[in-house]
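Per-entry structural report
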Amino acid sequence: MNGKFIVIEGLEGAGKTTACKIVEKILREHGIDNIVFTREPGGTPISEKLRDLFKRGVGQERLNIKAELLILYAARVQLVETVIKPALKRGMWVIGDRHDLSSQAYQGAGRKIDPQLILLLRNMILGDFSPDLTLYLDIPHLIGLKRVNARGELDRIEQEVSSFFTRTRACYLEAAALDASIMTIDATEPFEKVTESIYSCVSRWLQQQKDM
Ligand code: Z5A
């Protein structure tokens with residue numbers, strides 16, 4: 001099989017980091033060892049600088065929401081063009097901790113940025129590039145927050161109000177309902193159950209890829 005791009009999405013604390021490791025384990029069990037990991041925003045030296053700018057801002061200056069969106073797309077295109085596409089071309093498999101759907105959900109629904117603007121940016125910057133499979137780990141914001149609460153200082157997004165995350169989650173669920181390449185996993189379940197669901201989704205999908 002040629003390399004594929006598998007993305008893990010979800011609100012914070014959904015268990016994305018854990019899910020990336022489970023997907024890696026499944027791929028290795030299927031004899032796929034040429035795996036690259038990415039995270040967004042970030043994943044290249046320039047994109048990591050942009051991540052820091054996005055997460056922390058600069059001093060007291062308020063980051064305009066359209067500037068925020070552009071920072072995210074700058075980081076994304078740098079990662080896609082210099083890491084993801086070259087890796088896929090070499091036949092590697094890429095496991096991404098977040099990708100473009102995060103911008104649709106957080107900036108589009110959460111920040112209420114005009115969907116036309118996001119679509120325009122998406123089309124101009126990414127064209128028809130998209131993940132082969134997305135696992136969306138669904139969790140209510142407050143449950144996810146409880147899991148990550150111990151981490152300390154909150155970043156700009158983590159300081160948002162509950163309604164922001166309610167809109168963000170609704171956007172994820174709507175996207176998953178409309179797009180067969182996005183599979184929803186109930187991330188409120190205990191580890192063992194979530195692991196089982198990921199195994200079942202990814203194994204089924206891998207079989208479909210082999211049959212194609
Ligand atoms: N963002 C955006 O706005 N627009 C964009 O386009 C992009 C991103 C790409 C990135 O932050 C922020 O950027 C993010 C969206 C925004 N902000 N928010 N919110 P990040 O990379 O620093 O953080 P994150 O992406 O939200 O990930 P996270 O907070 O690290 O969560 P996670 O990776 O999903 O969770 P985890 O680390 O795997 O697990 C968290 C804890 O829960 C950990 O202690 C686990 O042991 C525990 N856990 C995991 N699964 C379970 C289960 N099943 N039961 C119990 N406990 C569990």
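Throughout what follows, the structure given in this document is the object of discussion.

Reading guide: rules and limits
- Each chain has its residues counted from 1, following the order in which its sequence is written.
- pLDDT decides what is reported in this predicted model: residues at 70 or higher carry local features, side-chain atom pairs at 80 or more are listed and counted, and totals for whole chains, interfaces and linings draw on all residues regardless.
- Only hydrogens and water are set aside; all other atoms, that is, all heavy atoms of the structure, feed into the side-chain values.
- To qualify as a helix, a DSSP run of H or I must reach at least 4 residues; to qualify as a strand, a run of E must reach at least 2; elements of each kind are numbered from the N terminus.
- As defined in this context, the radius of gyration uses C-alpha atoms, and a globule is described by 2.2 Å times the residue total to the power 0.38.
- Burial classes follow relative accessibility: with a 1.4 Å probe on protein chains only, a residue under 20% of its type's maximum area counts as buried, one over 50% as exposed, and anything between as partly exposed.
- The contact criterion used throughout is that any non-hydrogen atoms of two residues lie within 4.5 Å.
- The method behind every accessible area is Shrake-Rupley, applied with a 1.4 Å probe, and residues are considered shielded solely by the protein chains displayed.
- Only four residue types enter the charge count: Lys and Arg as positive, Asp and Glu as negative, with His and the chain ends excluded.
- To locate a charge, take atom NZ for lysine, CZ for arginine, CG for aspartate or CD for glutamate.
- Think of it this way: DSSP has to see at least two bridges between two strands before they count as a pair.
- Helix axes use the C-alpha atoms of the stretch in contact, all axes being lines fitted to C-alpha atoms, and the angles between their N-to-C directions lie in the range 0 to 180 degrees.
- We call a residue near a given molecule or strand whenever any one of its heavy atoms falls within 4 Å of it.
- What qualifies as a polar contact is a pair of N or O atoms within 3.5 Å, subject to a donor-acceptor requirement within protein and to the restriction that residues adjacent in sequence count only when both atoms come from side chains.

Thoughts on the overall build of the protein
- Looking only at helices and strands, the protein has eight helices and five strands in total.
- Reading the helices (α) and strands (β) of the protein from amino to carboxyl end gives β-α-β-α-α-β-α-α-β-α-α-β-α.
- For the protein, the C-alpha radius of gyration of 17 Å lies close to 17 Å, the compact-globule estimate for 212 residues.
- Its C-alpha atoms give the protein principal-axis dimensions of about 50 × 35 × 30 Å.
- Within the protein, buried positions represent 49% of all 212 residues.
- Residue pairs in contact within the protein that sit at least 24 positions apart in sequence constitute 82% of those at least 6 positions apart.
- If you sum the accessible surface of the protein, you get close to 11000 Å²; carbon and sulfur atoms cover 55% of it.
- Here the protein contributes 29 positively and 28 negatively charged side chains, and the mean placements of these two sets differ by 2 Å.

Side note on the sheet that holds strand S2 (residues 35-39)
- What the five strands build is an open sheet, ordered S2-S3-S1-S4-S5; its pairing is parallel. Edge strands, defined here as strands with exactly one partner in the open sheet, are S2 and strand S5 (182-186). Within this sheet the neighbouring strands show an average axis-to-axis angle of 20°, counted without direction.
- In terms of strand pairing, strand S1 (residues 5-10) meets strand S3 (residues 93-97) through four bridges, oriented parallel. Paired with Val 7 across the bridge in S3 is Gly 96.

What about the site of the ligand?
- The immediate surroundings of the ligand are formed by 28 residues, with Thr 17, Lys 55, Arg 98, Ser 103 and Arg 151 found nearest.
- One nitrogen or oxygen atom from the side chain of Ser 103 is found 2.6 Å from an oxygen atom belonging to the ligand.
- The protein chains hide 83% of the 1100 Å² of surface that the ligand would expose on its own.
- Those elements that provide at least two residues to the shell around the ligand are helix H1 (16-29), helix H2 (45-56), helix H3 (65-89), helix H4 (100-110), helix H6 (141-148) and helix H8 (191-211).
- Of all the elements, H4 adds the most residues to the shell around the ligand, at four residues.

All we've got here are geometric facts, nothing functional implied.
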